[in-house]
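# Overview (structure and organization)
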Amino acid sequence: MDKSKVIDAYRRGFLTVRECGQILGVEERQLQSLLALEDDKASCLPPSRRIGS
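Per chain, the residues get numbers from 1 upward, laid out in the order the sequence is written. Where local features are concerned, this predicted model is filtered to residues with pLDDT of at least 70; where side-chain atom pairs are given and counted, the filter is 80 or more; whole-chain, interface and lining totals use all residues. Excluded from the side-chain calculation are hydrogens and water; included are all heavy atoms of the structure.

### What about helix α1 (residues 3-11)?
Relative accessibility thresholds used throughout: buried, under 20% of the residue-type maximum; exposed, over 50%; partly exposed, between the two (1.4 Å probe, protein chains only). Only runs of H or I of at least four residues qualify as helices and only runs of E of at least two qualify as strands under DSSP, and these elements are numbered from the N terminus. Restricting attention to buried positions, one finds in α1 the residues Val-6, Ile-7 and Ala-9. Projected down its long axis, α1 shows its buried positions confined to an angular sector of 155°, all on one face. In this description, the arc belongs to the directions extending from the helix axis to the C-beta atoms.

### Things to note about the packing of α1 against helix α2 (residues 17-24)
When two helices pack together, their arrangement is given by the angle between the helix axes and by the axis-to-axis distance. The contact between α1 and α2 brings their axes to 10 Å, and the two run at 170°. Classified by the interaxial angle, the pair formed by α1 and α2 is roughly antiparallel. Residue-level inspection shows Lys-3, Val-6, Ile-7 and Tyr-10 of α1 in contact with α2, the latter providing Val-17, Cys-20, Ile-23 and Leu-24. Note on residue classes: Ala, Val, Leu, Ile, Met, Phe, Trp, Tyr, Cys and Pro are nonpolar, Asp, Glu, Lys and Arg are charged, and everything else, Gly too, is polar. Here the contact of α1 with α2 is built from residues that sort into seven nonpolar, no polar and one charged. As a rule, the C-alpha atoms of each element are fitted with a line to give its axis, helices using only the stretch in contact, and angles between N-to-C directions run from 0 to 180 degrees. Angles below 35 degrees are treated as roughly parallel, those above 145 as roughly antiparallel, those between 65 and 115 as roughly perpendicular, and all remaining angles as oblique. Throughout, a contact is declared for two residues whenever any of their heavy atoms are within 4.5 Å.

In short, geometric facts, not functional conclusions.
Shown next, in the form of structure tokens:
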């Protein structure tokens, strides 16, 4: 499954932090870094291309 889709599912409340980390195969600290990176990516996209908006 695509990393960004898993993170999006977590943000929408379909997954817990632990489940999200397990699916991605990372620990909580690493997951926090991934979430921050995804936030940075989303802020760079034009509004019409944002996922989940």
